[in-house]
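Listed below are the residues making up each chain.
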Amino acid sequence: MWSDMIGNTIGLIALALGWRRSVLTWPAQLLSGVILVGAYASAHLSGGVGKQLLVIGVAVWGWRQWSRGRQQAQDGSIAVRFATWKERGLLLGGAALGTLAVGGLFTLYPSLSWSPWADAYIFVGTLVAMVAQARGLVEFWFAWLLVDLVGVPLAFNSGLAFSGLVYVIYFALVVWGMRDWWLRTRTAPALEGAHA
């Protein structure tokens, strides 16, 4: 499916731009989301369509957040940090409650998804990951890893082989990006001390 292939290729570019902390990650995610709405709609994956609509909305918000915060890091990119324990609790609690609510909705209305709990998990996990990314939290990479664990088999089982393959590539990029952001949190205090 061409829309699946094109949308996911742009999604890979968006992830690579996010790893580099480029504000261009957000317009790329927005474009990817618009294209993938068509791909998921044709595969009758309402949760996937909802996820992409969510991606579009959060991409607009994240673009605004990163445009405002570009001068926070010494190199003019986005400053990254680990979440506080309170933020982690909010992200985990929001993910759990959101998955229960969305999964319950999909179960109540079976026409929305043939795989209600997996779809709900991916839907809510994507939101959690993007919110954490917009805030410059290293934990956003962990959230993507958890989404990939369910997203890979679901995409292959839905006949969206290119999406499944992209999820596998996402996994490699996520591990690489996580390492880069993690190291950045360790060097940030040293850079700030050098400029004080």
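Preceding this paragraph is the structure being described.
Worth saying up front: this structure is predicted, and the values here are computed from it rather than measured.

Chemist: Is there a simple way to explain the packing of aromatic side chains in this structure?
Modeler: Aromatic rings in a pair are described by how distant their centres are and how their planes are angled relative to each other. The tally for this structure, following the rule as stated, stands at seven aromatic pairs. Centre to centre, the rings of Trp 26 and Trp 66 are 5.6 Å apart; their planes meet at 90°, and the pair counts as edge-to-face. Of this pair, Trp 26 sits in helix H2 (residues 25–42) while Trp 66 sits in helix H3 (residues 46–68), and the two are 40 residues apart along the sequence. Taken together, the ring pairs connect Trp 26, Trp 66, Phe 140, Trp 141 and Trp 181 into an aromatic cluster. For the cation-ring pair, Arg 88 lies above Trp 85, with the distance from its terminal atom to the ring centre recorded as 4.5 Å.

Chemist: Please clarify how the pattern of salt bridges should be interpreted in this entry.
Modeler: Side-chain pairs of opposite charge can arise whenever the charged atoms involved come near each other. Tallying each qualifying case throughout the model produces four salt bridges. Note that Glu 87 and Arg 81 form a salt bridge whose closest N and O atoms lie 2.8 Å from each other. We note a salt bridge from Glu 139 to Arg 88, for which the minimum N-O separation is 2.8 Å. Here Arg 88 lies in helix H4 (residues 85–108) and Glu 139 lies in helix H6 (residues 139–157), a separation of 51 residues in the sequence. By sharing partners, the salt bridges in this structure join Arg 81, Glu 87 and Arg 135 into a single network.

Procedures and definitions
- The residue count restarts for each chain, going from 1 along the sequence in the order it is written.
- With the structure being a predicted model, the display of local features is reserved for residues of pLDDT at least 70 and the display and counting of side-chain atom pairs for 80 or more, all residues being used for whole-chain, interface and lining totals.
- Only hydrogens and water are set aside when side-chain values are computed; all heavy atoms of the structure are taken into account.
- What counts as a ring pair is set by centres within 6.5 Å for rings of Phe, Tyr and Trp (its six-membered ring), and what kind of pair is set by the plane angle: stacked under 30 degrees, edge-to-face over 60, tilted for all other angles.
- Helix numbering and strand numbering both begin at the N terminus, where a helix is a DSSP run of H or I of at least 4 residues and a strand a DSSP run of E of at least 2.
- When the NZ atom of lysine or the CZ atom of arginine is within 6 Å of a ring's centre and also within 35 degrees of its normal, the charge is said to sit over that ring.
- For this analysis, a salt bridge means a side-chain nitrogen from Lys or Arg found within 4 Å of a carboxyl oxygen belonging to Asp or Glu.

Functional significance is not addressed by these values, which are geometric in nature.
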